[in-house]
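# Fold and contact review
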Protein chains: 2
Amino acid sequence: MTAADTQPLRLGIAGLGTVGAGVVKIIQRHADLLAARSGRPIAITAVTARDKLKNRDVDLSSYHWAADPLALAQSDEIDVFVELMGGHEGAAREATEAALRAGKDVITANKALLAHHGHELARLAEDNGRVIRFEAAVAGGIPVIKTMTESLAGNAIRRVMGVMNGTCNYILTRMESAGLPYETVFEEARQLGYLEADPTLDVGGIDAGHKLAILSAIAFGTEMNFDAVEIEGIERVSIDDINRAADMGYKIKLLGVAQMTARGLEQRMSPCLVPADSPLGQLQGGTNMVVVEGDAVGQIVLRGAGAGEGPTASAVMSDVVEIARGVRLPTFGQPASGLARAQAARTAVPAAYYIRLHLADKPGALAKVASVLGDAGISIDRMRQYGHGDGTAPVLIVTHKTTPEAVDHAIAELPKTGVIVGEPVELRIEEV
Amino acid sequence: MTAADTQPLRLGIAGLGTVGAGVVKIIQRHADLLAARSGRPIAITAVTARDKLKNRDVDLSSYHWAADPLALAQSDEIDVFVELMGGHEGAAREATEAALRAGKDVITANKALLAHHGHELARLAEDNGRVIRFEAAVAGGIPVIKTMTESLAGNAIRRVMGVMNGTCNYILTRMESAGLPYETVFEEARQLGYLEADPTLDVGGIDAGHKLAILSAIAFGTEMNFDAVEIEGIERVSIDDINRAADMGYKIKLLGVAQMTARGLEQRMSPCLVPADSPLGQLQGGTNMVVVEGDAVGQIVLRGAGAGEGPTASAVMSDVVEIARGVRLPTFGQPASGLARAQAARTAVPAAYYIRLHLADKPGALAKVASVLGDAGISIDRMRQYGHGDGTAPVLIVTHKTTPEAVDHAIAELPKTGVIVGEPVELRIEEV
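None of these values were measured; they are calculated from a predicted model.

### Considering the overall build of chain A
In terms of helices and strands, chain A carries 14 helices and 16 strands. In terms of overall dimensions, chain A is globule-like: its C-alpha atoms have a radius of gyration of 24 Å, near the 22 Å expected for 432 residues. Taken along its principal axes, the extent of the C-alpha atoms in chain A is 85 × 45 × 35 Å. Going through the 432 residues of chain A one by one, you find that 59% of them count as buried. With the model as given, the accessible surface of chain A reaches about 15,800 Å², and the carbon-plus-sulfur share is 49%. Separation of charge centres in chain A, based on 41 positive and 53 negative side chains, amounts to 2 Å.

And the structure:
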């Protein structure tokens, strides 16, 4: 360790919301611990945020208040630009680029920025001999970036899966436990402050999709391709489906799955059924879980808080200590210049499917449904028909493994039989 | 990256059992992947093992066969000495020390060596400007060392817990699922090759105790103190206790717990009850789980295969790639010279306890038992008395939180009442 390495590592923090304040608190509370672990002191030298006067419950008086993120990013007072503003364009992007060009390392919790511009940012960092670290961008306090880029470096990754939006998991588990419809629980979540300003980012699966795109790039050594993630939110998940799935031994989760196939890289974020007794099925409330499958290690499951001040700040501090120790890692587990552009593939990996429909009270109705499935090449594993309550009979079908294409075809054909009331619902049953 | 950093990293592997062969296979299979991720090729240059002629199902013909581990450790042909022999004295220790003195970095999977001599080895490494890495020493493929030393570096660790001996967990879960006594399942495990040559290392809790001592040192920044781990094996866990615990909603696990208290560092490895629906309670078979609680991150749960060729070799490769990337980390998360000598404390943290005893068929028997507990200051949360089958009545008691001291006292007093048949059994119920 050279003399320079024992100088304080000087941080400039842009964005002092929940996460930013959490980082400041950790650095103030654990100065000695951090210095012992890093081999040098960690110092905040400058900060900035939209509103200087807001009460943040932390003492910022000893830090220089920079005029704006861009000024902070280029300040001579900092070694590392810590970007905790959010947003994939505008100030966050400009300041991040400026920081790299000015020879600063960057730590960011910004999944949207990485999902949209991660590849260019990684190249910019490499061109300038700088690093970008982003443990906090995926699954909060869970060390998934470090695990994938470092711990599993000896593995060819087969598949990565995850429940990575705590708000969606809260909504789905709360619907089940309280027996409430989606709209009611959505409103509860809004009032509890669990939703982003634009709630579509959460319930539309976009935030989780950003995270999946980042994990895919690392897992398969490919350029980030967020646009190719097939995304479906949880808005169409009904309490009926949650209850019926439970009857069959499943839970419904907003599950991200990325896997490399002979046809290309499949990335999807969608409501899926998983076995109720699997680790993913047992996940309650806002907790996140990431499951990684490697050819040597088998299946690794990581579980923890996916959001919140402490967990997210903990992940930021992991990156801070890493840089303070002098560790320089390639952004996505290998140099960005070496990442292949993956062929994106729509989901084609076969799976079992859950189909729910309502039969009209007509003779031979079930036979017609069975016939449509048979014609589509879909065989039935389990079926349940419930009584005709309101004149229609709910029918649940769990298929044997089949292709998404066959299911889409059958779902399109079913209404044409004239024996179905309303639209049939289909959900993929992911093998976990 | 300097020119020297793009030279191959040259490994010398001592020990070619399951794990050693697994490492060779990964390096042969994933040469390109490893080079891309490391920024340089990974090369095995020399190997050694007890028996040169044994068929290992891997091609070793292109590697120099060193005469013995000591010669390999000092060989000019290697940069990193990979110690996969095992044993905490003799060849493993001598060769590891020799390698560090000869300026080699060391990677080891040897938990016994670290638990007994980790502190001196870390100091020796530091004195020689070398690193020792040991991800494979604890919980196989689960990245617990990296998570604790790096990902949670911003946290004061409150508690670390784990099921870290797959063989014991296999035995306990198999006893429950098959309804078989300990002796029968122990014999099964022996025949399946799940047990160490000296099975006491497994079922006596020693192997798991080694791992706990390593995690404690990292978690609390203290010198390794394996001798202070309170260790109890699973030999006295009966199928009766497993069944009765299940009746009350618990599973029995060989659980390690380390926590810092005002009185000192508590480290214990013992059979405990945990809630059946907790992640630890749901752990089946040979799978391992580590739970870490940090002041910022909350609870992180890591789960995966704790042993076996692929998972353990995956962990070794994590260390190999780390060193190849030029990453130099302090052995136990901070320099060994800075580790405090912790005051060791016997378990005093209060907990609920499970007590099982057999009442003689005498009037007032239960009152006498209740009175002994009351006199010891123990209050009862739940109690079940079963029918007098063979003339004695099994009684299960779950206490409210109490001290181990109070429980020990009550257990010693109970037989003196004259209403108890045989010895009472007590097990701690760990809050997880």
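Let's pick the thread back up.
### Concerning empty space enclosed by the protein
Counted under the stated rule, the structure contains 9 cavities of 30 Å³ or more. Volume-wise, the largest cavity comes out at about 90 Å³. In terms of lining, the largest cavity is formed by Pro 279, Gln 282, Met 289, Val 301 and Arg 303 of chain A together with Pro 279, Gln 282, Met 289, Val 301 and Arg 303 of chain B. Those elements that provide at least two residues to the lining of the largest cavity are strand E12 (298-305) of chain A together with strand E12 (298-305) of chain B. Partitioning the lining of the largest cavity into residue classes produces 6 nonpolar, 2 polar and 2 charged. Considering only enclosed or pocket space, the second largest cavity measures out at about 60 Å³ in volume. Lining the second largest cavity, in full, are Leu 172, Thr 173, Glu 176, Ile 242, Ala 246, Tyr 250, Lys 251, Ile 252 and Lys 253 of chain A. If you list the elements that add at least two residues to the lining of the second largest cavity, you get helix H7 (166-178), helix H11 (239-247) and strand E9 (250-261) of chain A. Ranked by the residues each element gives to the lining of the second largest cavity, the list is headed by E9 of chain A, at 4 residues. Of the residues contributing to the lining of the second largest cavity, the split by class is 5 nonpolar, 1 polar and 3 charged.

### Describing the domain arrangement of chain A
Residues and elements named next belong to chain A. By the assigned domains, chain A splits into domain 1 (3-137), domain 2 (144-305 + 334-338) and domain 3 (352-429). Each of domain 2 and domain 3 was reduced to a C-alpha centroid, and the two centroids are 27 Å apart. Of the residues lining the interface, 14 residues belong to domain 2; the matching set on domain 3 comes to 13 residues. Among the residues domain 2 hides against domain 3, the three largest losses belong to Arg 244, Met 248 and Leu 273. Together they make up 45% of the total. At the surface where domain 2 touches domain 3, the tally comes to 3 salt bridges.

### Side note on the pattern of salt bridges
Applying the stated criterion to the full structure yields 57 salt bridges over all chains. For Glu 430 of chain A, the salt bridge identified is with Arg 159 of chain A, shortest N-O distance 3.8 Å. Of this pair, Glu 430 of chain A sits in the segment after strand E16 (420-429) while Arg 159 of chain A sits in strand E7 (residues 157-163); the two residues are 271 residues apart in sequence, bridging distant segments of the chain. The buried category is assigned to Arg 159 of chain A, whose relative accessible area is 11%. The partner of Arg 236 of chain B in a salt bridge is Glu 426 of chain B, and the shortest N-O contact between them spans 3.8 Å. Taken together, the positions of Arg 236 of chain B in the loop between strand E8 (230-231) and helix H11 (239-247) and Glu 426 of chain B in strand E16 (residues 420-429) put the pair 190 residues apart, joining distant regions of the chain. Exposure remark for Arg 236 of chain B: the relative accessible area of 38% places this residue in the partly exposed category. A single salt-bridge network, built from bridges that share partners, covers Arg 133, Lys 146, Glu 150 and Glu 322 of chain A together with Arg 133, Lys 146, Glu 150 and Glu 322 of chain B.

### Digging into the sheet that holds strand E1 (residues 9-14) of chain B
Residue and element names in this part refer to chain B. A sheet is described by the order of its strands in space; here 6 strands give the open sequence E3-E2-E1-E4-E5-E6, paired in parallel fashion. Every other strand in the sheet has two partners, leaving strand E3 (64-65) and strand E6 (132-133) as the edge strands with one partner each. Sheet topology places strand E4 (residues 80-83) next to strand E5 (residues 105-108); 4 bridges connect them, and they run parallel. When the sheet's bridge partners are listed, Val 80 is paired in E5 with Asp 105. Along the sheet, helix H4 (residues 90-101) contacts E4, E5 and E6; its crossing angle with E4, the most-contacted strand, is approximately 165°.

### Details of the side chain of Thr 287 of chain B
Within the secondary structure, Thr 287 of chain B is located in strand E11 (residues 287-294). Separated by 3.3 Å, the side chain of Thr 287 of chain B and the backbone oxygen of Gln 284 of chain B make a polar contact.

### Quick word on unusual backbone geometry
In the Ramachandran plot, Ala 139 of chain A falls in the positive-phi region, its phi being about 60° despite a non-glycine side chain. Assignment of secondary structure puts Ala 139 of chain A in the loop between strand E6 (132-133) and helix H6 (144-151). Given a relative accessible area of 1%, Ala 139 of chain A falls into the buried group. A positive phi angle is found at Asp 57 of chain B, which is not glycine, with a value near 65°. Positionally, Asp 57 of chain B belongs in the loop between strand E2 (42-48) and E3. Accessibility expressed as a relative area gives 62% for Asp 57 of chain B, which makes it exposed.

### Here's the deal with the pairing of strand E10 (residues 264-275) of chain A
If a strand is regular, its side chains alternate between the two faces of the sheet. All names here are of chain A. Among the 12 residues that make up E10, 11 are buried, leaving the element largely enclosed by the rest of the structure. Pairing analysis gives 2 bridges linking strand E8 (residues 230-231) to E10, with the strands arranged parallel. Looking at the pairing, Ile 231 lines up with Met 269 of E10. With 12 bridges connecting them, E9 and E10 associate as antiparallel partners.

### Regarding the environment of Thr 392 of chain B
Residue and element names in this part refer to chain B. Within the secondary structure, Thr 392 sits in strand E15 (residues 392-399). The buried category is assigned to Thr 392, whose relative accessible area is 12%. Residues Thr 392 and Leu 357, 35 residues apart in the sequence, show an inter-C-alpha distance of 9.5 Å. Excluding its chain neighbours within four sequence positions, the residues that come into contact with Thr 392 are His 358, Leu 359, Gly 387 and Val 421. Polar contacts involving the side chain of Thr 392 include one to the side chain of His 358, which spans 3.4 Å.

### Description of the sheet that holds E6 of chain A
In spatial order, the strands read E3-E2-E1-E4-E5-E6 (chain A); together these 6 strands make up an open sheet with parallel pairing. One side of each edge strand has no neighbouring strand; the edge strands of this open sheet are strand E3 (64-65) and E6 of chain A.

### Considerations on the packing of helix H1 (residues 18-29) of chain A against helix H12 (residues 309-324) of chain A
Residue and element names in this part refer to chain A. Axis separation between H1 and H12 bottoms out at 8 Å; the angle between their running directions is 65°. Between H1 and H12, the interaxial angle falls into the category roughly perpendicular. Pair H1 / H12 crosses with right-handed handedness. Contact with H1, carried on its side by Thr 18, Val 19, Gly 22, Val 23, Lys 25, Ile 26 and Ile 27, involves Glu 309, Thr 312, Ala 313, Ser 314, Val 316 and Met 317 of H12 and no other residues of that element.

### Description of the relation of the copies chain B and chain A
Superposing chain B onto chain A takes a rotation of 180° plus a shift of 0.0 Å along the axis, which leaves an RMSD of 0.0 Å. Taken together, the rotation and translation relating the two chain copies correspond to the operation of a two-fold axis. Taking C-alpha positions as reference, the residue of chain B nearest the rotation axis is Leu 302 of chain B, located at 2.4 Å. A symmetric contact is evident, with 100% of the interface residues of chain B recurring at the interface of chain A.

So, how was this worked out
Residues numbered from 1 in each chain as written. Chains lettered and ligands numbered in written order. Predicted model: local features only at pLDDT ≥ 70, side-chain atom pairs only at ≥ 80, totals over all residues. Heavy atoms only, no water. Helix = DSSP H or I, 4+ residues; strand = E, 2+ residues; numbered from the N terminus. Rg over C-alpha atoms; globule rule 2.2 N^0.38 Å. Buried < 20%, exposed > 50% of the residue type's maximum accessible area, 1.4 Å probe, protein only. Areas by Shrake-Rupley, 256 points an atom, 1.4 Å probe, with all protein chains shown as cover. Lys, Arg positive; Asp, Glu negative; His and termini not counted. Charge placed at Lys NZ, Arg CZ, Asp CG, Glu CD. 1 Å grid on protein atoms, 1.4 Å probe; cavity = no way out; pocket = protein on both sides within 12 Å on 5 of 7 lines; lining within 4 Å. Points joined across faces, edges and corners; volume = space filled by probe spheres on them. Nonpolar A, V, L, I, M, F, W, Y, C, P; charged D, E, K, R; others polar. Domains from an automatic or database assignment. Contact = heavy atoms within 4.5 Å. Buried area = accessible area lost by both parts, 1.4 Å probe. Salt bridge = Lys/Arg side-chain N within 4 Å of Asp/Glu carboxyl O. Pairing = 2+ DSSP bridges. Axes fitted to C-alpha atoms, helices over the stretch in contact; angles between N-to-C directions. Polar contact = N/O pair within 3.5 Å; in protein donor to acceptor, adjacent residues only side chain to side chain. Parallel < 35°, antiparallel > 145°, perpendicular 65-115°, else oblique. Left-handed = near helix turned anticlockwise from the far one by under 90°. Least-squares fit on C-alpha atoms with pLDDT ≥ 70 in both.

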